[in-house]
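For reference, the chains in residue letters:
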Amino acid sequence: DIQMTQSPPSLSASLGETVSIECRASEDIYSNLAWYQQKSGKSPQLLIYYASSLQDGVPSRFSGSGSGTQYSLKISGMQPEDEGVYYCLQGSKYPYTFGAGTKLELK
Amino acid sequence: QVKLQQSGAELVKPGASVKLSCKTSGYTFSTSYMSWFKQIPGQSIEWIGMIYAGDGGTGYNQKFKGKATLTVDTSSSTAYMDLSSLTTEDSAVYFCARGGANWFAYWGQGTLVTVSS
């Protein structure tokens, strides 16, 4: 199975601060990488797919980049509603696998 | 719009089985895939497997073979997941999500399964 190593495990950001979350895959996943936000008690919400494509309705402060085995999610200007847990998902090879998550809080 | 409505929370005894449902609307169910996921509260998410509603063809994460069985009822646009021989390790929230490849934009609200005597 492809292992997804996500960092950092937790993050605290001030209002308006830019934050980045990283995911490293154990092998090349050819940009088949998605980012999700999950709020407590809710289902995951798709933010980014194919590494850098913004899902419809997601604010433009969210962006994704990367290729091969290294990927990142950037939030340009932290907002209160951005609090939650963020996961990366590799959709390159079955079984699909998620990162361990990054808990993002407003400082 | 696309909607996936999952069945309510379940409290089941160890060794028992449970059948979860995911009723869909807003898209053509019979030509779509459905995937299922497991999330133990406070932990990450695991992909269990997927089913193609067109012919019932399935693909499972090896970890869940023998534990989960996926089926569909195209007449009601509903997907099901049977979980068998339940143990406390199966206590989790289970999600359905439309699709079988790459990423998943539409998710159900989740069903909490608690295994306890």
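Scope of this entry: the structure provided in the associated data block. Everything numeric here is computed off the predicted structure, so don't read it as measured data. (Residues numbered from 1 in each chain as written. Chains lettered and ligands numbered in written order. Predicted model: local features only at pLDDT ≥ 70, side-chain atom pairs only at ≥ 80, totals over all residues. Heavy atoms only, no water.)

1. Digging into the packing of aromatic side chains
Here comes step 1: One pass over the structure, following the stated rule, counts 15 aromatic pairs over all chains.
Here comes step 2: Judged by centre distance (5.6 Å) and plane angle (45°), the ring pair of Y96 of chain A and W47 of chain B falls under tilted. Here the residue Y96 of chain A occupies a position in the loop between β9 (84–90) and β10 (97–98), and W47 of chain B occupies one in strand β5 (residues 45–52), the pair thus bridging two chains.
Here comes step 3: With relative accessibility at 4%, the residue Y96 of chain A sits in the buried group.
Here comes step 4: Here the aromatic cluster, defined as three or more aromatic residues joined through ring pairs, consists of Y36, Y94, Y96 and F98 of chain A together with F37, W47, F95, F104 and W107 of chain B.
Here comes step 5: We note K19 of chain B situated over the ring of Y80 of chain B; from NZ or CZ to the ring centre the distance is 4.8 Å.
Here comes step 6: The side chain of R98 of chain B reaches across the aromatic face of Y27 of chain B, ending 4.3 Å from its centre. (Phe/Tyr/Trp six-rings, centres within 6.5 Å; stacked < 30°, edge-to-face > 60°. Helix = DSSP H or I, 4+ residues; strand = E, 2+ residues; numbered from the N terminus. Buried < 20%, exposed > 50% of the residue type's maximum accessible area, 1.4 Å probe, protein only. Lys NZ or Arg CZ within 6 Å of the ring centre and 35° of its normal.)

2. So, the sheet that holds strand β7 (residues 68–73) of chain B
Residues and elements named next belong to chain B.
Here comes step 1: On the basis of which strands lie adjacent, the open sheet formed by four strands has the order β1-β3-β8-β7 and antiparallel pairing. One side of each edge strand has no neighbouring strand; the edge strands of this open sheet are β1 (3–6) and β7. Between one strand and the next, the sheet's axes are offset by a mean angle of 20°, whatever the strand orientation.
Here comes step 2: As judged from the six bridges shared by strand β3 (residues 18–25) and strand β8 (residues 78–83), these two strands associate in the antiparallel manner. Across the sheet, L20 pairs through a bridge with M81, a residue of β8. (Pairing = 2+ DSSP bridges. Axes fitted to C-alpha atoms, helices over the stretch in contact; angles between N-to-C directions.)

3. A word on the pairing of strand β4 (residues 33–39) of chain B
All names here are of chain B.
Here comes step 1: Burial analysis of β4 places six of its seven residues in the buried class, the great majority of the element.
Here comes step 2: Note: β4 against β5, seven bridges, orientation antiparallel. Among the inter-strand pairings, W36 is bridged to a residue of β5, identified as G49.
Here comes step 3: The hairpin turn running from β4 into β5, its antiparallel successor, is five residues long, and G42 in that turn takes a positive phi close to 85°.
Here comes step 4: Taken together, the six bridges between β4 and strand β9 (residues 92–98) define a ladder with antiparallel strand orientation. Among the inter-strand pairings, K38 is bridged to a residue of β9, identified as Y94.

4. Thoughts on the interface of chain B and chain A
Here comes step 1: The interface of chain B with chain A comprises 18 residues on the first partner and 20 residues on the second.
Here comes step 2: Overall, the association of chain B and chain A removes approximately 1,600 Å² of surface from exposure, summing both partners, and the carbon and sulfur fraction of that is 62%.
Here comes step 3: It is W47, N102 and W103 of chain B in chain B that bury the most area against chain A; as a group they hold 37% of the surface buried on that side.
Here comes step 4: Between the two partners, chain B and chain A, sit zero salt bridges.
Here comes step 5: Counting across the interface, chain B meets chain A through nine residue pairs in polar contact (both at pLDDT 80 or more).
Here comes step 6: Elements with a contribution of two residues or more to the side of chain B that touches chain A: β4 and β5 of chain B.
Here comes step 7: Broken down by element, the side of chain B that touches chain A gets its largest block of residues, four residues, from β5 of chain B.
Here comes step 8: Residue composition of the side of chain B that touches chain A, grouped by class: 10 nonpolar, seven polar and one charged. (Contact = heavy atoms within 4.5 Å. Buried area = accessible area lost by both parts, 1.4 Å probe. Salt bridge = Lys/Arg side-chain N within 4 Å of Asp/Glu carboxyl O. Polar contact = N/O pair within 3.5 Å; in protein donor to acceptor, adjacent residues only side chain to side chain. Nonpolar A, V, L, I, M, F, W, Y, C, P; charged D, E, K, R; others polar.)

5. So, the sheet that holds strand β8 (residues 70–76) of chain A
All names here are of chain A.
Here comes step 1: Spatially, the four strands line up as an open sheet ordered β1-β3-β8-β7, and their pairing is antiparallel. Looking along the sheet, the strands with just one partner apiece sit at the ends: β1 (4–7) and β7 (62–67). On average, each strand axis in the sheet is inclined to that of its neighbour by 15°, with strand direction left out of account.
Here comes step 2: Pairing analysis gives four bridges linking β1 to strand β3 (residues 18–25), with the strands arranged antiparallel. Along β3, the bridge assignment pairs T5 with R24.

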